[in-house]
Number of protein chains: 2
Amino acid sequence: MSAGPQVSRRAALGMLAGGVVAGAGASRLGFQSSSGGDLGGIASERGLDGQQAAAALETYVPGGSYDEYFVFASGGHSGQIFVFGVPSMRLLKVIPVFTPDAWQGYGYGTDQGNAVLEGGSDPAKSNPLRWGDTHHPALSETEGSYDGRWIYINDRANGRIAMADLRDFKCKQIFDIPNLQTSHGGCFVTPNSEYVHISTMTPTPVTESGYAPLSRYKEDFRGFSTWLKLDPETGRFDLGNSFQIELPPYTQDLADAGKLTSFGFGFINSYNTEMAVGGDMTGGQPLEAGSTANDYDFLHIIDWQKAEEVFKAGNTKDLNGMKVIPMDVAVSEKILHFAPEPRNPHGIDVNPTGDYMCVGGKLDPHASVYDIELIKTAIANEDYQGTDPFGVPILTLESVLVAQVELGAGPLHTQFDDKGYAYTSLFVDSAIAKWSLGPKAGHTDDGFKLVETLPVQYNIGHLCTAEGDTVSPDGNYMIALNKWSIDRFPPVGTLHPQNFQLVDLTTTPLTVLSDTPIGMGEPHYTQMIKADKLVHTIEVYPPGTDPMNFAPSEFAIKAGEERIERQGKDLHVYMSAMRSHYTPDQIQAKVGDTLHLHITNVEQTIDATHGFAIPQYNIEASLDPGEVVNIDMLLDRAGTFAMYCSEFCSALHLEMQGWIEVAPQGVTPSVG
Amino acid sequence: MSAGPQVSRRAALGMLAGGVVAGAGASRLGFQSSSGGDLGGIASERGLDGQQAAAALETYVPGGSYDEYFVFASGGHSGQIFVFGVPSMRLLKVIPVFTPDAWQGYGYGTDQGNAVLEGGSDPAKSNPLRWGDTHHPALSETEGSYDGRWIYINDRANGRIAMADLRDFKCKQIFDIPNLQTSHGGCFVTPNSEYVHISTMTPTPVTESGYAPLSRYKEDFRGFSTWLKLDPETGRFDLGNSFQIELPPYTQDLADAGKLTSFGFGFINSYNTEMAVGGDMTGGQPLEAGSTANDYDFLHIIDWQKAEEVFKAGNTKDLNGMKVIPMDVAVSEKILHFAPEPRNPHGIDVNPTGDYMCVGGKLDPHASVYDIELIKTAIANEDYQGTDPFGVPILTLESVLVAQVELGAGPLHTQFDDKGYAYTSLFVDSAIAKWSLGPKAGHTDDGFKLVETLPVQYNIGHLCTAEGDTVSPDGNYMIALNKWSIDRFPPVGTLHPQNFQLVDLTTTPLTVLSDTPIGMGEPHYTQMIKADKLVHTIEVYPPGTDPMNFAPSEFAIKAGEERIERQGKDLHVYMSAMRSHYTPDQIQAKVGDTLHLHITNVEQTIDATHGFAIPQYNIEASLDPGEVVNIDMLLDRAGTFAMYCSEFCSALHLEMQGWIEVAPQGVTPSVG
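On a predicted model such as this, the values are computed, not experimentally measured, just so you know. (Residues numbered from 1 in each chain as written. Chains lettered and ligands numbered in written order. Predicted model: local features only at pLDDT ≥ 70, side-chain atom pairs only at ≥ 80, totals over all residues. Heavy atoms only, no water.)

## Quick notes on the overall build of chain A
Operational definition: Secondary structure elements are defined from DSSP: runs of H or I of at least 4 residues count as helices, runs of E of at least 2 residues count as strands, and each element is numbered from the N terminus. In this scheme, a residue with accessible area under 20% of its type's maximum is buried, one over 50% is exposed, and one in between is partly exposed, where area comes from a 1.4 Å probe on protein chains only. Residue contacts follow a heavy-atom distance rule, with two residues in contact if any of their heavy atoms lie within 4.5 Å.
If you tally the helices and strands in chain A, you get 11 helices and 45 strands. Seen along its three principal axes, the alpha-carbon backbone of chain A occupies a region of about 85 × 80 × 50 Å. Within the span of chain A, comprising 672 residues, buried residues form 70% of the whole. Sequence-distant contacts in chain A: of pairs separated by 6 or more residues, those separated by 24 or more amount to 61%.

Now the structure itself:
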């Protein structure tokens, strides 16, 4: 997609918008006489107007051709990550993260899935967690650009974070973050993936039991800004080099990392600085009223490089296994400052040059733009209008605000293109506002100014531009993440899909290219990366690989090394899988034995995945070529069970089957 | 889509196939001067050839326009049903069936999901089952046509079946079928949804313990053909009026119902009539070798109307709660006959007129066609070539076979159009064979004859034509369900998506319109129904509805009726949800209490779904407008927990939140 020619083509087609392709009947005859011109006839017959016909051609990706971009979307309370291609908007993959997935054998008895899921669920703290509410995916970055190595995502419900590896598109780690009951602020990575940031949403009771009455909200509840160190080799969370900053018990909302001119800073929005706790049946106000009383909430400005120094100097306290910089230290060390922001804002987004922090007003029709140079100066000058009830200094609004741009009703989130324009979602207006981002983004003449407004369908939350969170956005495409679809798709019952709309950023006015129903989750945010950056992705594991560390598994076998070893009640079966059989294909055991299956897919052919399933035992594994999977199962039920390959692999797939005899107590197992 | 004009347009475009739109550079200038003609320029710039550009226009469905067909696909071992639109191939909805789904709150603490999942998992028989391997969806029928009421689907892994209601697109019942450890044969419904059929795949040990050594395979293992009666009002399974027919311990494979001329019959393929059990490490043959020794296996022909009479006459035995017609009775009452079929066949499909049973050879390059008139005559004449080892009479092949058509390597499944053609998937050839279906399908001149072969990418399993399982297929579209995608999509790790290819049935030769990656499951079969048949679908529940029975819930409240009632340790909270608050929004409880949440979404606005989630307790609910959800939770963990709306509902969605205080033992709960 090149911007130039498309603008002119669009301009021509724009004239047709709203009507069926011009001169339908007559021109079809004409088209049929010119090669390729029959396209107009097809469009006409299908009732597509000129704009729609162009959109069809601009979004179609034939099989065997690849999309230009990958989109990584949170699945919301589905607990997953969805991977789409752009411009086709085809769903390429679902990556299970916080929720089990039977197709991928994630959480159905295999070592890898169980290790990840169980590792992310602290039995001392919670019931075994089998879901999460994924909100904000964050691709790893090098020098402020996506590098295609890892992706991080938060669990808004349970205050957790996860990492998936883009080598094999699988989740490798879930981390239950101390002191975060819930999370929203992040995750984002710093420009070289030094840290991934995540903060509380609702504040956490910091009493020993985790219980505190709401009457002690101000005293016993706290927010936390978490800076998780990333291992530069593995992308995993390095708790020992991570820290938190204590925050007041406001509701910390979205967050973003500084870059270039603002490198070293992090920014978090907040609301409910009123510290309302509801009580709608006991004389209180609903939270929606109580938390919207103040005209201003506080933009949190965090100097994470200073915080890192303080952490390294040991000026922290221990709290549930995490090193925490206390609020008074954060204030005295100038790590934490506030700036007023119009009430109950939502998104905070740093523009590609790093100069501007754009805050969506939510209950205010403006985007408020802060300038990092002004912020740095105001901090240096201690240009304070006072402190909040916890002693955090509040910079004067005038000293840091560079512009307020009236965009429309309900501005939420802002994204950026390659030409210095910003795009802000307007929830209440169901629209996207395009506006120029002032002199430091190249708009010296027009300054900060609304350019146009694009209606979307309906109730847009986040939006996402191509490489839009990096130092060098691509322009070209934008996705509107609409929360409601209402009438855009045929009825599929009482629960409606969301609606992703793909927008062509190269046209004036902006054009919606397609609507894509999202009927398997509720994405909140996405990031869009150039497909050619995913250079680390592999399609076949080296023989005998343990996917958790991409190293040879100690349980791997080659064909011919299959064996069964009994050690008391432990039965170790080293099994191979290849088209179209398991070796061994018979296992004799007794009730009370523990079966340890070590299965190697000995294939090295792309796409030669096998499954492994056992009836009645809730066991389901997916074995990609080269992969080793381990399954431990207590044989607590007698029976003769037909294990089978659950992934259609070959002409004799249905014959890829075996038997596990589990003899009742007192019965001698058959010898086959 | 009308067949006539499109054929001619296609014929013109076909000339361009393989090259970029003809005369790219020059003709683009020409196109730009004629309105709408610029489409050729866009196609050319994007590198689309004429065929691809036409396909783009023929598959694009703008937002707000609806697809012509719904496709219901099994998710394979994802345990779900996927709903796509045709021709756009957009995923409209995922219906969770055998596996929990957090987005829909299915299996995460709510009464409905838990009731369905737990109802389908017998603790006496199996571990709590939280997955299934969905294979063959079956839409309910009236007079042999889809009626848009219900859909059934089998769990191949655990021998279960489920029903989803197309009013709200939700699973209402999972039934763990006695005597079926695994299942494959079905499900299909009879032409008026009298019964849904499902049979065993691997045979079930019928000993009391469920254990039998493989050495007693012939004696102790049996297959079962199950005829589950459907309640004509609710679509639920009616066990009391259901029955099974005992079968030999072969592997019963796919099945289909007779219709029109073959109404009253059911047909099941089989393989492994050798009764091989593997033993590849103990001197035996792998099953893939042992089960392919015989030249012929047996097509099972079942007269279910006769079986119904025998069942009603009480000529059955009880087996684990199911009435079973013993094999000898099935033989003596002429309920069960066999016909030879080439070795290890796979699909059995009855054509729209009901006359022909088409068997895919799998290891034989032919489709074998049986004629119901010949079958009836042969049965009447007792034209037997002998009996199998269990005494089941085998009809002579010559007496029942009307044609064998050589199609290619690995024929599996057959579907049908509205012009008497059959389409058979060729797994080994990665192709679809189109062939004429003989005189009773209108082909008196050309008879049974291969017409053309369409390459697909790659390793096709099932295929599906529009309304293809009914008495009146639509033609128009076909979907190829390809098991491997290999290079058709960009790499997304070691586990590849499947590939659904949409095929235009109106063109000669056949044309592939699009490739759709399936990266969230492994569909086996689909059915395609006209979208306008889904007349029962609702978008909003009447106020206070219990979705399990579409009746008013006893726990429903209206706004203003919210209350908290304590009964000892049981705390009943009658809560309302509406934009943007819960009432009540504070709950005070103690460790050891049981919380009973009765939440009514009091909204009646389309798409106004709310969520309800509680951190650390694994609780996540989805509340569609009008819906009532009940959650019982033992408060075993102290803490103050931020419950919240997990489905973005409104401008103040983030403020839609409340608190649950769970005081530790010895602490008096706050009063708010």
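## Some remarks on the relation of the copies chain B and chain A
Selection criterion: Least squares is used to superpose the copies, and the fit set is the C-alpha atoms of residues whose pLDDT is at least 70 in both copies.
For the pair chain B and chain A, the superposition axis carries a translation of 0.0 Å, the fit reaches an RMSD of 0.0 Å, and the rotation angle comes to 180°. Taken together, the rotation angle and the small translation identify this as a two-fold axis. Among all residues of chain B, the minimum C-alpha distance to the rotation axis is found for Ala56(B), at 2.8 Å. Of the residues that chain B buries at the interface, 99% are likewise interface residues in chain A, meaning the two copies contact each other through the same surface.

## As for the interface of chain B and chain A
Stated precisely, the cut-off is as follows: Two parts placed together each lose some accessible area under a 1.4 Å probe, and the buried area is that loss summed for both. Think of a polar contact as two N or O atoms within 3.5 Å of one another; within protein, one of them needs to be a possible hydrogen donor and the other a possible acceptor, and neighboring residues in sequence only count if both atoms come from side chains.
The interface of chain B with chain A comprises 192 residues on the first partner and 192 residues on the second. Here chain B packs against chain A, burying approximately 15,800 Å² in sum over the two surfaces, 59% of which is carbon and sulfur. Our count for the chain B to chain A interface comes out at 88 residue pairs in polar contact (both at pLDDT 80 or more). The element best represented in the side of chain B that touches chain A is helix α4 (residues 50-59) of chain B, accounting for nine residues.

## Topic: the pattern of salt bridges
Proximity of charged atoms lets side chains of opposite charge pair with each other. Stated precisely, the cut-off is as follows: Salt bridges are counted wherever a side-chain nitrogen of Lys or Arg sits within 4 Å of a carboxyl oxygen of Asp or Glu.
The final tally for this structure, using the stated rule, is 49 salt bridges over all chains. For Lys172(B), the salt bridge is made with Asp168(B), and the minimal N-O distance between the two is 2.7 Å. As far as burial versus exposure is concerned, Lys172(B) and Asp168(B) are alike and both buried. One salt bridge in this structure joins Glu373(B) and Lys440(B), with 2.7 Å as the shortest N-O distance. Taken as a pair, Glu373(B) in helix α10 (residues 372-381) and Lys440(B) in the loop between β27 (431-437) and β28 (448-455) lie far apart in primary sequence, 67 residues in all. Given a relative accessible area of 48%, Glu373(B) falls into the partly exposed group. One continuous salt-bridge network, built from bridges that share partners, spans Lys170(A), Asp624(A) and Glu627(A).

## Points about α4(B)
Residue and element names in this part refer to chain B. When you tally the buried positions in α4, you get eight out of 10 residues, the bulk of the element. Listed as buried for α4 are Gly50, Ala53, Ala54, Ala55, Ala56, Leu57, Glu58 and Thr59. Two or three places before Gln51, at the opening of α4, Asp49 has a side-chain oxygen 3.0 Å from that residue's backbone nitrogen.

## Brief notes about the sheet that holds strand β5 (residues 145-155) of chain B
Residue and element names in this part refer to chain B. Quick reminder of the rule: A pair of strands is treated as paired once DSSP finds two or more bridges between them. Note on method: axes are straight lines fitted to C-alpha atoms, helices fitted across the in-contact stretch only, with angles between N-to-C directions ranging 0 to 180 degrees.
Ordered in space as β4-β5-β6-β7, the four strands form an open sheet in which the pairing is antiparallel. Edge strands, defined here as strands with exactly one partner in the open sheet, are β4 (138-142) and β7 (170-176). Each neighbouring strand pair of the sheet contributes to a mean axis angle of 30°, computed without reference to strand direction. As defined by bridge partners, strand β6 (residues 160-165) adjoins β7 across six bridges and the pair is classed as antiparallel. Each residue of the ladder has a partner; that of Ala164, found in β7, is Cys171.

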